[in-house]
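# Geometric and topological summary
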Amino acid sequence: MRVITGSARGRRLISPEGRDVRPTTDKVKESLFNIIQFELQGAVVLDLFAGSGQLGIEALSRGAEKCVFVDSSRKSFDIVKQNIDMCRFSSSSVAVLSDAFTYLKTTKEKFDIVLLDPPYNKKLCDEALQLLGNCVNDTAVVICETEADEVLPEKCGRLIVDREYVYSSIKLTVFRCVSE
């Protein structure tokens, strides 16, 4: 697993071992960042269910101003911190050891881009989407990575499905913020 492009291009990242974490493939990661390439510069990003932190680190490498990494696993949290340090993004990163939903209920931060890559088929994206309305700016984009057959709601508060992209067994669902 590596950073694809930008200031940390080519850096190898540490990934948690075992079945708990499923790193995003390079193909899907490249596609994800092609979708939001013009929205990254200076953005405040949330990498929820961070795992290794690879999505948030890729966002920082490509020009995001700040990224908050949230994961409830101590092992993942420690790996995220190591990866942030290794890529020299400590000054633009905040790593939070917390349950995703507790974080969303308590944060005062507003995000431009939210990257959701939770464990598959546990309806965690649905629950996170319900809580994201108060945590995003008016022009925010939220991208959920799920299994291709997982169905997400078309609308969650201020977030509405813009597009879906399927890559073999993986689906990226892009939500955009709309005025209510």
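These remarks concern the structure in this document. Remember, it's a predicted structure, so these values are computed and weren't measured experimentally.

All right, on to the pattern of salt bridges then. Evaluation of the coordinates by the stated rule reveals nine salt bridges. R176 is the salt-bridge partner of E39, the closest N and O atoms lying 2.6 Å from each other. Highlighted residues: E39 in the loop between α1 (26-35) and β1 (44-48) and R176 in strand β8 (residues 170-177), separated in sequence by 137 residues. Looking at R176, the relative accessible area reads 24%, which means it is partly exposed. For the salt bridge of E109 with K66, the shortest nitrogen-to-oxygen distance reads 3.0 Å. With a gap of 43 residues between them, E109 in the loop between α4 (100-106) and β4 (111-116) and K66 in strand β2 (residues 66-71) connect regions that are remote in the sequence. Here the salt bridges share partners, and the residues they tie into one network are K29, E30, E58 and R62.

Glancing now at the nonpolar core. In terms of nonpolar packing, the biggest core is built from 32 residues, with I36, L115 and I143 touching the most fellow members. Of all the secondary structure elements, the ones that give two or more residues to this core are α1, α2 (54-61), β2, α3 (74-86), β4, β5 (136-147) and β8. Ranked by size, the runner-up nonpolar core spans 29 residues in total, among them L104, L132, A140 and C177.

Turning our attention to the packing of α1 against α2. At a minimum axis distance of 11 Å, the contact between α1 and α2 shows a crossing angle of 45°. Classified by the angle between their axes, α1 and α2 sit oblique to one another. As α1 packs across α2, the resulting crossing turns out to be right-handed. Taken together, the residues of α2 that come into contact with α1 (itself represented by K29, L32 and F33) are Q54, L55, E58 and A59. Residue composition of the contact of α1 with α2, by class: four nonpolar, one polar and two charged.

Of all eight residues in α2, eight are buried, a share of seventy percent or more. Buried-residue contacts for α2 involve α1, β1, β2, α3, β3 (93-97) and β4. Directly beyond the C-terminal end of α2, a positive phi value near 120° is found at G63.

Thresholds applied
- Think of each chain on its own: its residues are numbered from 1, step by step along the sequence as written.
- Per-residue local features are limited, in this predicted model, to residues with pLDDT of at least 70; the limit for side-chain atom pairs, both in listing and counting, is 80 or more; totals at the level of whole chains, interfaces and linings are taken over all residues.
- Side-chain numbers come from the whole structure's heavy atoms, not from hydrogens or water.
- The term salt bridge refers to a side-chain nitrogen of Lys or Arg lying within 4 Å of a carboxyl oxygen of Asp or Glu.
- Secondary structure elements are taken from DSSP: a helix is a run of H or I of four residues or more, a strand is a run of E of two residues or more, and numbering for both begins at the N terminus.
- Each residue gets one of three labels from its accessible area relative to the maximum for its type: buried under 20%, exposed over 50%, partly exposed in between, using a 1.4 Å probe on protein chains only.
- Nonpolar core, defined: a set of buried Ala, Val, Leu, Ile, Met, Phe, Trp, Tyr and Cys residues in which side-chain atoms within 4.5 Å join the residues together.
- For helices, the fitted axis covers only the stretch in contact; all axes are lines through C-alpha atoms, and the angles between them, taken along N-to-C directions, range from 0 to 180 degrees.
- Under this scheme an angle from 65 to 115 degrees is roughly perpendicular, one under 35 degrees roughly parallel, and one over 145 degrees roughly antiparallel; angles in between are oblique.
- Rotating anticlockwise by less than a right angle from the far helix to the near helix defines a left-handed crossing, while the corresponding clockwise rotation defines a right-handed one.
- In this description, contact between two residues means that some pair of their heavy atoms is separated by no more than 4.5 Å.
- Polarity classes work like this: nonpolar for Ala, Val, Leu, Ile, Met, Phe, Trp, Tyr, Cys and Pro, charged for Asp, Glu, Lys and Arg, and polar for all others, with Gly in that last group.

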